[in-house]
Amino acid sequence: KQWYQRRVRGLSLKEKIFVSFSWIPKATVQAAIGSYALAVATEKQADETVIGYSRTVVTVAVLIILVSAPLGSLLMYFTAPFLLQRVDQHERMSDDLELDSSVGKEK
């Protein structure tokens, strides 16, 4: 929680919106859940109904990946010019150092 708060504290509203778009194409959880359900069902030699359900979970996970990855990528590609601004690398690094040094201090 603190890591997230520290990273978004210095962001503008537009940058926060862009960050939310960037999380859409993350498919690691869907892939892990889908394959894990089928692996457990097969390993425990479950009946065909349970294996059928786990195959459904895998199918849904793959479909979610196929929809969310291109959608998230397109959102990032088309909204970046409107939501983000170019910042000098040196300026950004100094801002990050200031944010890191202020973590844990109350106002």
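For the structure given in this document, a descriptive report is provided here. Note that the structure is a prediction, hence the values are computed from the model and not measured.

A few words on helix H4 (residues 48-83). The end-to-end C-alpha separation of H4 is 49 Å, in line with the 52 Å expected for 36 residues at 1.5 Å each. A bend of about 30 degrees at Tyr77 is the largest found in H4, and the proline Pro81 appears one to four places after it. Within H4, the full set of buried residues consists of Ile51, Ser54, Ala61, Ser68, Gly72, Thr79 and Leu83.

Bringing helix H2 (residues 13-22) into the picture now. For H2, every residue scored as buried is listed here: Glu15, Phe18 and Ser22. For H2, the buried positions fall inside an angular range of 60 degrees around the axis, keeping them on one side. Taken together, the buried residues of H2 touch H4.

Turning next to the environment of Lys14. Positionally, Lys14 belongs in helix H2. When the C-alpha atoms of Lys14 and Leu84 are compared, they prove to be 6.9 Å apart, with 70 residues separating the residues in sequence. With residues up to four places along the chain from it excluded, the contact list for Lys14 reads Phe82 and Leu83.

Rules used in this analysis
Residues numbered from 1 in each chain as written. Predicted model: local features only at pLDDT ≥ 70, side-chain atom pairs only at ≥ 80, totals over all residues. Heavy atoms only, no water. Helix = DSSP H or I, 4+ residues; strand = E, 2+ residues; numbered from the N terminus. Expected span 1.5 Å × (residues − 1). Bend = angle between axes of the 7 residues up to and from the residue. Buried < 20%, exposed > 50% of the residue type's maximum accessible area, 1.4 Å probe, protein only. Arc of directions from axis to C-beta. Contact = heavy atoms within 4.5 Å.

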